[in-house]
Structure formats: structure tokens, C-alpha cells
Amino acid sequence: MFNLLFNFTRKLPIHFFCAKVKKSECKDADELDAKLTKAIKAEILKSEEYWNSFDKIIIYYDNVQKALKRVLNITFNSLFSDVEVRKVTPADYRLFQVADLICTLELTLSKIELGLFSKTEDAFFHGAHEFKKEYWRKIKEKEI
């Protein structure tokens, strides 16, 4: 299943970015929201021309982390004039599953960089080098 989703993702005409914030470095939810907002805004502004090429931006979110939904809504609406947020059920929407896969791969790369790559991940991906070569490098091509 993983390889099917991975190959499906590689063939899609998509682009992504991941805004990273360490929750452990935030003293409270307000600081986390502020750091997330700044990180997302910085990523958007890096590729502002890309975002401005769309007439409308639609954000699909599952409402699991309401604070993140609020941050996305506020950030995108402060930068663009036509933004819509739609609730989605992950099982019913393939692009949502693709987003989860990309976030999982990004997290796995972070774990490798921090020396936290588990034995299970090592066995699944056949080592950190193979993960970077066979999975991360191929997905990174889609990064904005």
C-alpha cells in the first residue's frame, strides 16, 4: 500500500512545502501558533508568484487540529483575496492521503537528521541512505 501511494504521489502534478516548527521549543499554544504562522507565511512568500497564479486557493483540512486550521485560514486570507477552507474526510480524498504521506516522509527525514531513525524505519526503508535515495529525493522534486 505504501509503495502504491508513493508512486501515485510521484505521478501527480502537485507542489508542496512543509513549514517546520518544533513544538517542544514553544512555551505555550500561543507561541506555537505564532511560530507556525511565521513559518507558513515565509514559505508562501518564497513562492509568491506560484500562489498568485491561481484565481482561488482552496484549503482542505480535516479539523483534527483546530489551531492549525485557524493558522492556515488567517495566514492565507491575509495574503490572498480569494481563499476557501473546506472540511475533508481523509479516507474520502486521495490528495489528503498524499499530503499525509509527504508529511510522513518529511518527518522521517527530520528523524534521520536528528539521529532518531528507529529500527523499524530502518528496516522498512532499508536504511537512511536508501530512504533519501529512493523516497525523499523523488518526492523533493515536487517541493515548491
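All of the points below concern the structure found in this document. (Residues numbered from 1 in each chain as written. Predicted model: local features only at pLDDT ≥ 70, side-chain atom pairs only at ≥ 80, totals over all residues. Heavy atoms only, no water.)

1. Things to note about the side chain of K142
For step 1, the next point in the chain: For K142, the position within the fold is in the segment after α7 (128–140).
For step 2, the next point in the chain: Only 2.4 Å separates the side chain of K142 from the backbone oxygen of L12, close enough to count as a polar contact.
For step 3, the next point in the chain: Contacts of K142, omitting those with residues within four sequence positions, involve T9, R10, K11, L12, I14, H15 and F16. (Helix = DSSP H or I, 4+ residues; strand = E, 2+ residues; numbered from the N terminus. Polar contact = N/O pair within 3.5 Å; in protein donor to acceptor, adjacent residues only side chain to side chain. Contact = heavy atoms within 4.5 Å.)

2. Quick word on the packing of helix α1 (residues 2–11) against helix α5 (residues 94–113)
For step 1, the next point in the chain: One way to put it is that α1 packs onto α5 with a least axis distance of 10 Å and a crossing angle of 100°. In terms of their interaxial angle, α1 and α5 are classed as roughly perpendicular. Here α1 contributes F2, L5, F6, F8 and T9 to the contact with α5, which in turn contributes R94, Q97, V98, L101, I102 and L105. (Axes fitted to C-alpha atoms, helices over the stretch in contact; angles between N-to-C directions. Parallel < 35°, antiparallel > 145°, perpendicular 65-115°, else oblique.)

3. Remarks on the layout of surface pockets
For step 1, the next point in the chain: Quantified by volume, the largest pocket comes out at close to 2100 Å³.
For step 2, the next point in the chain: What lines the largest pocket is a set of 47 residues, and nearest its centre among them are F17, C18, L72, A99 and C103.
For step 3, the next point in the chain: Listed by contribution, the elements that provide at least two residues to the lining of the largest pocket are α2 (29–46), α3 (48–52), β1 (57–61), α4 (66–79) and α5.
For step 4, the next point in the chain: In terms of residue count, α5 provides more of the lining of the largest pocket than any other element does, 12 residues in total.
For step 5, the next point in the chain: Across the lining of the largest pocket, the residue classes break down as 34 nonpolar, four polar and nine charged. (1 Å grid on protein atoms, 1.4 Å probe; cavity = no way out; pocket = protein on both sides within 12 Å on 5 of 7 lines; lining within 4 Å. Points joined across faces, edges and corners; volume = space filled by probe spheres on them. Nonpolar A, V, L, I, M, F, W, Y, C, P; charged D, E, K, R; others polar.)

4. Observations regarding the nonpolar core
For step 1, the next point in the chain: Membership of the largest hydrophobic core comes to 17 residues, with the highest contact counts inside it found for I102, L105, F131, W136 and I139.
For step 2, the next point in the chain: When contributions to this core are tallied by element, the ones reaching two or more residues are α5 and α7.
For step 3, the next point in the chain: Examining the composition of this core, we find that six residues originate from one element, α5, more than from any other.
For step 4, the next point in the chain: Setting aside residues up to four positions removed in sequence, L105 forms contacts with F2, F6, F125, F131, Y135, W136 and I139.
For step 5, the next point in the chain: Counting residues in hydrophobic clusters, the runner-up holds 14 residues, among them I57, Y61, L72 and F80. (Core = buried A, V, L, I, M, F, W, Y, C linked by side-chain atoms within 4.5 Å. Buried < 20%, exposed > 50% of the residue type's maximum accessible area, 1.4 Å probe, protein only.)

5. Looking at unusual backbone geometry
For step 1, the next point in the chain: The phi dihedral of H126 falls on the positive side, at around 60°, and the residue is not glycine.
For step 2, the next point in the chain: Secondary-structure assignment places H126 in the loop between α6 (119–125) and α7.

6. Quick look at α4
For step 1, the next point in the chain: Helix length check: α4, at 14 residues, gives a terminal C-alpha distance of 20 Å against a target of 20 Å (1.5 Å per residue), a fit within 8%.
For step 2, the next point in the chain: Along α4, the residues classified as buried are V71, L72, T75 and F76. Burial along α4 is one-sided: seen end-on, the buried residues are contained in an arc of 110°. Summarising the geometry of α4, the exposed residues directed more than 90 degrees from the buried face are K66, I74 and S78. (Expected span 1.5 Å × (residues − 1). Arc of directions from axis to C-beta.)

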